[in-house]
Amino acid sequence: MAVKPDAAALAEAVRAASTGGLPPIHTWDPPFCGDLDMRIRRDGTWFYEGTPIGRHKLVRLFSTILKREGERYYLVTPVEKVGIEVEDAPFVAVDFTAEAGALTFLTNVGDRTTAGADHPIRVTRDAQGEPSPYVHVRDDLEALIDRKSFYRLVDLGETRPHEGRDWFGVSSAGAFFPMIPADDLPAD
């Protein structure tokens with residue numbers, strides 16, 4: 001008989017397996033145990049069985065064992081892997097600093113990442129042209145950049161040639177990240 005995945009048991013397994021820092025989830029290849037009724041909303045709120053998880057330390061713990069495979073997200077321990085739902089990106093970049101030519105983002109779960117060649121910024125647009133900016137955090141996981149931080153990024157932006165076209169974007173750690181073709185910028 002299969003055991004239903006349980007958030008408390010999963011958290012306990014992670015506590016036992018980790019010794020500080022991020023657990024080595026890239027070395028873990030446990031069997032799939034089913035889906036957990038856990039969801040991460042676009043605004044970064046984590047839910048378990050329809051109820052928001054109010055303990056930040058527990059959310060942080062779960063965030064350290066989050067893994068993406070293809071389009072699916074999983075929480076993994078050395079002994080089990082359970083599927084969860086992620087509405088958009090699993091993290092939200094809630095702030096950033098701009099120092100010495102680098103943009104360093106802080107996520108809602110406490111990760112820090114400096115945008116650069118290994119941690120790119122990308123911007124997608126929906127059918128109405130509304131932008132959704134992201135920054136790569138770790139492994140195959142991204143953070144949606146919150147609106148206030150995105151507006152601050154736009155204030156730092158500049159127009160540059162990129163791949164044969166002029167683009168408006170930002171630079172960090174020696175890399176340029178295009179946001180919108182310069183021709184599509186609104187007139188002042």
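Everything here concerns the structure above.
What counts and how
Residues numbered from 1 in each chain as written. Predicted model: local features only at pLDDT ≥ 70, side-chain atom pairs only at ≥ 80, totals over all residues. Heavy atoms only, no water. Salt bridge = Lys/Arg side-chain N within 4 Å of Asp/Glu carboxyl O. Pairing = 2+ DSSP bridges. Helix = DSSP H or I, 4+ residues; strand = E, 2+ residues; numbered from the N terminus. Contact = heavy atoms within 4.5 Å. Axes fitted to C-alpha atoms, helices over the stretch in contact; angles between N-to-C directions. Phe/Tyr/Trp six-rings, centres within 6.5 Å; stacked < 30°, edge-to-face > 60°. Buried < 20%, exposed > 50% of the residue type's maximum accessible area, 1.4 Å probe, protein only.

(A) The arrangement of the pattern of salt bridges in detail. Overall, the coordinates contain 15 salt bridges when judged by the stated rule. With its nearest N and O atoms 3.6 Å apart, the salt bridge here joins E69 to K67. In this structure, E158 and R160 form a salt bridge, with 3.4 Å as the shortest nitrogen-oxygen distance. One connected set of salt bridges, linked through shared partners, spans R60, D111 and R138.

(B) Focus on the sheet that holds strand β5 (residues 72-76). Pairing is mixed in the open sheet, where 6 strands are placed in the order β3-β2-β1-β6-β5-β4. Looking at the sheet topology across the chains shown, the edges are occupied by β3 (51-52) and β4 (66-69). As paired elements, strand β1 (residues 32-40) and strand β2 (residues 46-48) share 3 bridges and run antiparallel to each other. For I40, the partnering residue across the bridge sits in β2 and is W46. Lying over the sheet, helix α2 (residues 56-63) contacts β1, β2, β4 and β5, oriented at roughly 95° with respect to β2.

(C) Quick peek at the packing of aromatic side chains. In total, this model carries 3 aromatic pairs according to the counting rule given. Geometrically, the ring pair formed by F32 and Y74 is edge-to-face, given 6.0 Å between the ring centres and 85° between the ring planes. Residue F32 is found in strand β1, and its partner Y74 is found in strand β5; the two are separated by 42 residues along the sequence. Its relative accessible area of 9% is what places Y74 among the buried residues.

(D) View of the sheet that holds strand β7 (residues 91-99). Spatially, 6 strands are ordered β9-β8-β7-β12-β11-β10 in an open sheet, and the strand pairing comes out mixed. What marks the edges here is a single partner per strand, and that holds for β9 (112-114) and β10 (121-125). If you compare each strand with its neighbour and ignore which way they point, the axes differ by 40° on average. Along the sheet, helix α3 (residues 147-156) makes contact with β7, β8 (102-107), β10, β11 (131-138) and β12 (141-145), crossing β7 at roughly 35°.

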